[in-house]
Amino acid sequence: METNYPLQVRPEIETLHTGTEQAFALTVWFEHDIIPLCDNHATQPPADIKKRDFEHKKLSETMPIGMLKMDGIETGGAMMLRNARKDRMKRLQQALLWLDEAAMT
């Protein structure tokens, strides 16, 4: 099935050495690739119902996978990194909620 929203490949954070590098790579992926796709889907969903459902499912399954990766980043006790990770998780939860709300309308 053709898709309007090509998902970018999630960064392989396991190859990065520090929690800061890992958090940065995931943040860039979410902010530049995933969040815009969610925004686009919520504001301009495909007219075809099957395609709309498929796109919603794909996005709503991708978000938690990335969130689990973000949550699993070791902070090493660094409060700044810990707070940044926490803020990013809240942002992602809000985006997922908005995506789900848009699917119900």
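We now turn to the structure provided with this report. What you see is a predicted model; the values in this text were computed from it and never measured.

The rules we used
- Residues numbered from 1 in each chain as written.
- Predicted model: local features only at pLDDT ≥ 70, side-chain atom pairs only at ≥ 80, totals over all residues.
- Heavy atoms only, no water.
- Axes fitted to C-alpha atoms, helices over the stretch in contact; angles between N-to-C directions.
- Helix = DSSP H or I, 4+ residues; strand = E, 2+ residues; numbered from the N terminus.
- Parallel < 35°, antiparallel > 145°, perpendicular 65-115°, else oblique.
- Left-handed = near helix turned anticlockwise from the far one by under 90°.
- Contact = heavy atoms within 4.5 Å.
- Nonpolar A, V, L, I, M, F, W, Y, C, P; charged D, E, K, R; others polar.
- Expected span 1.5 Å × (residues − 1).
- Buried < 20%, exposed > 50% of the residue type's maximum accessible area, 1.4 Å probe, protein only.

Digging into the packing of helix 2 (residues 49–71) against helix 3 (residues 79–104)
- Relative to each other, helix 2 and helix 3 sit at 165°, their axes nearing to 10 Å. Between helix 2 and helix 3, the angle is such that the two are roughly antiparallel. You can see that helix 2 and helix 3 cross each other, and the crossing is left-handed. Across the interface between the two elements, His-56, Leu-59, Ser-60, Met-63, Pro-64, Met-67, Met-70 and Asp-71 from helix 2 touch Arg-85, Arg-88, Met-89, Leu-92, Gln-93, Ala-95, Leu-96, Leu-99, Asp-100 and Ala-103 from helix 3.
- Broken down by class, the residue content of the contact of helix 2 with helix 3 amounts to eleven nonpolar, three polar and four charged.

A look at the packing of helix 1 (residues 19–43) against helix 3
- The geometry of helix 1 relative to helix 3 is characterised by a closest axis approach of 11 Å and an angle of 15° between their N-to-C directions. On the basis of the axis angle, helix 1 is roughly parallel to helix 3. Considering the relative orientation of helix 1 and helix 3, their crossing is left-handed. For the pair formed by helix 1 and helix 3, the contact residues are Gly-19, Thr-20, Ala-23, Thr-27, Phe-30, Glu-31, Ile-35, Cys-38, Asp-39, His-41, Ala-42 and Thr-43 on the first element and Leu-81, Arg-88, Arg-91, Leu-92, Ala-95, Trp-98, Leu-99 and Ala-102 on the second.
- Partitioned by chemical class, the residues of the contact of helix 1 with helix 3 number eleven nonpolar, five polar and four charged.

So, helix 3
- Between its first and last C-alpha, helix 3 extends 38 Å over 26 residues, near the 38 Å set by a 1.5 Å rise per residue.
- Residues of helix 3 that are buried: Leu-81, Arg-85, Arg-88, Met-89, Leu-92, Ala-95, Leu-96 and Leu-99.
- Here the buried face of helix 3 lies against helix 1 and helix 2.

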